[in-house]
Amino acid sequence: MGKPDLIIETRALRRRFVTHKPLVGAQTEVRAVDGIDLRIRRGETFAIVGESGCGKSTLARLLVRLIDPSEGSVIYDGTDISRISADKMRGLRRDLQFIFQDPFSSLNPRMTVGALVEEPMRAHRIGTRRERRARVAALLERVGLMPEHANRYPHEFSGGQRQRIGIARALASGPKVLIGDEPVSALDVSIQAQVVNILEDLKQEFGLTLIVIAHDLAVIRHMADRVAVMYLGEIVEEAPVAELFTAPRHPYTEALISSIPVPRVGARAGVATIDGEPPNPIAPPPGCRFHPRCPYAQAVCRAERPKLTRGPDARSVACHRHAELSLTGLAPDIAARSPEAEQRFSLYRAARATREGAKPSGSFPQPLTPDKE
Amino acid sequence: MLGFLARRILIAIPTVILISVFVFTLQKLLPGDPVLAMAGEERDPEVLAFLREKYRLNDPLYMQYFHWIGGVLQGDLGISLRTRQPVLTLIGEKLPVTIQLAVMALIIAVFIGVPTGILSAYRKGTWIDWLANIVALSGLSIPNFWLGIMLILLVSVNLGWLPASGYAPLSEDPLRSIQTMIMPAFVLGTGLAATLMRHTRSAMLGVLKSDYVRTARAKGLNERVVILKHALRNALVPIVTVATLLFGELLAGAVLTEQIFTIPGFGKLVVDAVFNRDYAVVQGIVLCTAVAFIAMNILADAAYRILNPRMRDT
């Protein structure tokens, strides 16, 4: 059994994909996820960040076993879900729900929104038909849609609305963990904030553990408690969000942070950047996988692969030189949000609060009733 | 939906007119003289001239067309130049036979083709997929006349289970009707099943990769629901399209199969009429088939709208 405060833990998790299978000879493989150990605590928002192709989507899918791992295990609440039967896994899907990246393709175009949101409850035999309908209406309202929208089809909605339908769907079964694979990256920036806020509110309200996959550091900085940085199938750094941004320990993290636009003259001066594309994941470079792009690389980096080591301060980093380097993060005085933005967010919250306060109680999704067969 | 159907039927009218003109002129362009075919050994110029006059073959082409189409609109497709029977009667006799054969063949094709296609897509790359593809390829490659003869030999001659040939109208003796039709329908159906299976497979392969199928799995649905409810419903549009086209072809008659099983369907009527330059019959049949095809297409469009809510706004 895992420690009680851990909700999801992965051990040496690996997933390989065969990219080319010749008639004779060895097949080519890409190691999309290559030995990942994660410890996600109950109730936190954990973010996984990295460039396109680093394996973060694969990792997200492994976490809820939408794909099977090649090696290693995923432990949810003391159960190794990579070893249980498909039938048992189906039962657990009630607890582990997923928000997909693309709100346009991830909703079945032939089903009404109501049917889509209700379906997880039907699959897990939650409530009576009438209770489920009521809950669909409440969930739709909760994500800022109207109960009447249940009779419409996904194509009648905008991207942001569809993503909120996706969130309502994910919440329908009353999950404990919500995994968002780039939940906002397909949306316009103005809509992103709206969806991020809904996610945060819902997390509080339902006591969710949120795992967010993203490449957008601004989103992560805003939402996450802890962040893991992924590069070519590996975690290179893991830290609480504030510390990661102000004092990165891995050169790759530093480079990522330096790419955040800072609205201030001279703020970016002298910051390290990286060039080039990430290396071919089919044939990753020897030693540290980041060394061909790392401005601090030395002989040891080319020869030896650094291990992710946990420091005394609950931060982990996989870099030979992390102790000697002093890397640049964001200056602590650059707030996550500008005062103007903060003001707008608080106005938004206040507006929401009054709107919800005005509503009769009971229109909220109530905690789930026990299963009724 | 009613408005949509009305609109589609209105749009179909010019198409039918165009087809009728086309059929009529094409007929006239064919070499050969119907009067000679009709007169047989008779070569007396006076007789020939009389016949030409009687069937208005001396009139200008457009007059002949208007005469014909005027009759058609009143339900008169003309008289067969050969048998002197009204064309409508001839078609009325054969059409129910052909429709019955077509429906049975299509049912068999759907029941074989669609499940095999689904299974083959779901188990892509496994031996099941290979087997299904080999069977489908065989279904496409085996000529209907050969399969028909082999079936008669096996089922009727050796096993004596079913009558080898003959026909009984469905309304008079349903059991015997189905008994005599099941083999020809099977012969036609297997060929179509192969086509349907290939299309079902490719449509399902596309849909099974889609994000919403992944979403369905992530919801914790069981595979049967994922496949039948989420995947198949979305894959149905191309399947319905192909099935409709196949059905339209079946309605035009299956000459060889009808011959082998001596079924008095459309196929034989068409061939006889063409060989005998029986203009009226050919025109009647082609017009009938064309209208049936258009009707099938309208039905298919209606089916799309039921299957795909995104098409309902248009």
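Residues numbered from 1 in each chain as written. Chains lettered and ligands numbered in written order. Predicted model: local features only at pLDDT ≥ 70, side-chain atom pairs only at ≥ 80, totals over all residues. Heavy atoms only, no water.

(A) Broad picture of the UniProt feature "domain: ABC transporter" (unreviewed entry) in chain A. Under the UniProt annotation, the feature "domain: ABC transporter" (unreviewed entry) is placed at residues 13-257 of chain A. Taken end to end, residues 13-257 of chain A is 38% helix and 26% strand, and its first and last C-alpha atoms sit 27 Å apart. (UniProt positions renumbered as here; feature names shortened; annotations may be inferred. Helix = DSSP H or I, 4+ residues; strand = E, 2+ residues; numbered from the N terminus.)

(B) Structural detail: a nonpolar patch on the surface. Residue and element names in this part refer to chain B. Together, Phe145, Trp146, Ile149, Met150, Leu153, Val157 and Leu256 make up a nonpolar patch on the protein surface, roughly 650 Å² of accessible area in all. No other element matches helix 7 (residues 144-158), which puts six residues into the nonpolar patch. Mapped onto the elements of the fold, isoleucine 149 is located in helix 7. (Patch = residues over 30% accessible without salt bridge, like charges linked within 9 Å, V, L, I, M, F, W, Y side chains within 5 Å. Areas by Shrake-Rupley, 256 points an atom, 1.4 Å probe, with all protein chains shown as cover. Salt bridge = Lys/Arg side-chain N within 4 Å of Asp/Glu carboxyl O.)

(C) Representation of the sheet that holds strand 4 (residues 71-76) of chain A within the structure. Residue and element names in this part refer to chain A. Pairing within the open sheet is antiparallel, and its four strands lie in the order 2-1-4-5. Edge positions in the open sheet fall to strand 2 (28-41) and strand 5 (79-80), since each of these has one partner strand only. Examined bridge by bridge, strand 4 and strand 5 share two bridges and lie antiparallel to one another. In the strand pairing of strand 5, tyrosine 76 is matched with threonine 79. On the sheet, helix 1 (residues 56-63) packs against strand 1 (6-20), strand 2 and strand 4 and is oriented at approximately 125 degrees with respect to strand 1. (Pairing = 2+ DSSP bridges. Contact = heavy atoms within 4.5 Å. Axes fitted to C-alpha atoms, helices over the stretch in contact; angles between N-to-C directions.)

(D) Layout of the pairing of strand 3 (residues 45-49) of chain A. Residues and elements named next belong to chain A. Counting buried residues in strand 3 gives five out of five residues, a clear majority hidden from the surface. Of the two faces of strand 3, the one carrying Thr45, Ala47 and Val49 and the one carrying Phe46 and Ile48 are both buried. Bridging between strand 3 and strand 8 (residues 209-214) involves five bridges; their strand directions are parallel. Paired with alanine 47 across the bridge in strand 8 is valine 212. (Buried < 20%, exposed > 50% of the residue type's maximum accessible area, 1.4 Å probe, protein only.)

(E) The arrangement of the UniProt feature "transmembrane region" (unreviewed entry) in chain B in detail. Residues and elements named next belong to chain B. Per the UniProt entry, the sites bearing "transmembrane region" (unreviewed entry) are residues 9-30, 99-122, 134-157, 177-196, 236-261 and 281-304 in this numbering. Secondary structure across residues 99-122 comprises 100% helix and 0% strand; the distance between its end C-alpha atoms is 34 Å. This span, residues 281-304, is 100% helix and 0% strand, and a straight line between its end C-alpha atoms measures 34 Å.

(F) How the structure looks around the domain arrangement of chain B. Residues and elements named next belong to chain B. According to the domain assignment, chain B consists of domain 1 (2-87) and domain 2 (94-277 + 294-311). Each partner contributes residues to the interface: domain 1 has 15 residues there, and domain 2 has eight residues. Together, Phe4, Arg8 and Arg82 form the three largest contributors to the area buried by domain 1 at its contact with domain 2, with a combined 47%. Linking domain 1 to domain 2 there are one salt bridge. (Domains from an automatic or database assignment. Buried area = accessible area lost by both parts, 1.4 Å probe.)

(G) Geometry of unusual backbone geometry. Residues and elements named next belong to chain A. Phi is positive for aspartate 77, which is not a glycine, with a value near 50 degrees. By the secondary structure assignment, aspartate 77 is in the loop between strand 4 and strand 5. Classification of aspartate 77 by relative accessible area gives partly exposed; the value is 37%.

(H) Focus on the packing of helix 5 (residues 87-122) of chain B against helix 13 (residues 279-307) of chain B. Residues and elements named next belong to chain B. The geometry of helix 5 relative to helix 13 is characterised by a closest axis approach of 9 Å and an angle of 50 degrees between their N-to-C directions. Of the possible angle classes, the one that applies to helix 5 and helix 13 is oblique. Read as a crossing pair, helix 5 and helix 13 show a hand that is right-handed. The residues of helix 13 that touch helix 5, namely those facing Val87, Leu90 and Ile91, are Ala280, Val281, Gly284, Ile285 and Cys288. Considering only residue class, the contact of helix 5 with helix 13 consists of seven nonpolar, one polar and no charged. (Parallel < 35°, antiparallel > 145°, perpendicular 65-115°, else oblique. Left-handed = near helix turned anticlockwise from the far one by under 90°. Nonpolar A, V, L, I, M, F, W, Y, C, P; charged D, E, K, R; others polar.)

(I) Inspection of helix 5 of chain B at higher detail. The terminal C-alpha atoms of helix 5 of chain B lie 50 Å apart, and with 36 residues this matches the ideal 52 Å at 1.5 Å per residue to within 8%. Lys94(B) marks where helix 5 of chain B bends most, by close to 30 degrees; the proline Pro96(B) follows one to four residues later. (Expected span 1.5 Å × (residues − 1). Bend = angle between axes of the 7 residues up to and from the residue.)

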